Amino acid sequence: MENPVPPLTNLQRELLRIFSLNVPEEDLKKIRSFLARMFAEKAMDEADIVWEQEAWTKEKVAELSNAYLRSLQSDVPETMAPSE
């Protein structure tokens, strides 16, 4: 059985409208830069919220940056393992 294709999100629909226009390469670069900056700022805002909620220190962040937090494939429940 094939996986159904999920409907496009509102962002995907808007980007399709924008990118259906024939705009100069320089404008595309500006749009990409704007989107990257916007999502980076959003991620930083979310990180700031966690920082405040968890009362993190620079030492805690350094500790986390050196931690190995990924699970081994054998640790993943079968229901979450990728299908072949």
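Everything here concerns the structure above.
Below, the structure is looked at part by part. The structure displayed is predicted, hence computed values, not measured ones.

Quick word on the overall build of the chain
Line of reasoning, step 1. Within the chain, the secondary structure is distributed over three helices and zero strands.
Line of reasoning, step 2. Ordering the α and β elements of the chain from the N terminus gives α-α-α.
Line of reasoning, step 3. A total of 84 residues make up the chain; the buried ones form 2% of that total.
Line of reasoning, step 4. Carbon and sulfur atoms make up 58% of the accessible area of the chain, which amounts to about 8,300 Å² in all.

What about a negative patch on the surface?
Line of reasoning, step 1. A surface patch of like charges, here negative, comprises Glu-41, Asp-45, Glu-46, Asp-48 and Glu-52.
Line of reasoning, step 2. Inspection of the secondary structure puts Asp-45 in helix H2 (residues 25–54).

Here we look at unusual backbone geometry
Line of reasoning, step 1. In this model, Ala-55 sits at a positive phi of 50 degrees, which is unusual for a non-glycine residue.
Line of reasoning, step 2. Locating Ala-55 in the fold gives a position in the loop between H2 and helix H3 (58–65).

A word on the packing of helix H1 (residues 10–19) against H2
Each pair of packed helices can be described by the angle between their axes along with the distance between the axes.
Line of reasoning, step 1. At their nearest, the axes of H1 and H2 sit 12 Å apart, and the two run at 160 degrees to each other. Between H1 and H2, the angle is such that the two are roughly antiparallel. Taken as a pair, H1 and H2 cross one another with a handedness that is right-handed. Contact residues: H1 offers Leu-11, Leu-15, Ile-18 and Phe-19, while H2 offers Leu-28, Ile-31, Leu-35 and Phe-39.
Line of reasoning, step 2. Of the residues contributing to the contact of H1 with H2, the split by class is eight nonpolar, no polar and no charged.

A few points about a nonpolar patch on the surface
Line of reasoning, step 1. Residues Leu-11, Phe-34, Met-38 and Phe-39 make up a contiguous nonpolar surface patch of roughly 360 Å² in combined accessible area.
Line of reasoning, step 2. The dominant element in the nonpolar patch, judged by the number of residues it contributes, is H2, at three residues.
Line of reasoning, step 3. Looking at where Phe-39 falls in the secondary structure, it is placed in helix H2.

Criteria and cut-off values
- Residues numbered from 1 in each chain as written.
- Predicted model: local features only at pLDDT ≥ 70, side-chain atom pairs only at ≥ 80, totals over all residues.
- Heavy atoms only, no water.
- Helix = DSSP H or I, 4+ residues; strand = E, 2+ residues; numbered from the N terminus.
- Buried < 20%, exposed > 50% of the residue type's maximum accessible area, 1.4 Å probe, protein only.
- Areas by Shrake-Rupley, 256 points an atom, 1.4 Å probe, with all protein chains shown as cover.
- Patch = residues over 30% accessible without salt bridge, like charges linked within 9 Å, V, L, I, M, F, W, Y side chains within 5 Å.
- Salt bridge = Lys/Arg side-chain N within 4 Å of Asp/Glu carboxyl O.
- Lys, Arg positive; Asp, Glu negative; His and termini not counted.
- Charge placed at Lys NZ, Arg CZ, Asp CG, Glu CD.
- Axes fitted to C-alpha atoms, helices over the stretch in contact; angles between N-to-C directions.
- Parallel < 35°, antiparallel > 145°, perpendicular 65-115°, else oblique.
- Left-handed = near helix turned anticlockwise from the far one by under 90°.
- Contact = heavy atoms within 4.5 Å.
- Nonpolar A, V, L, I, M, F, W, Y, C, P; charged D, E, K, R; others polar.

Worth remembering: the numbers are spatial, not functional.
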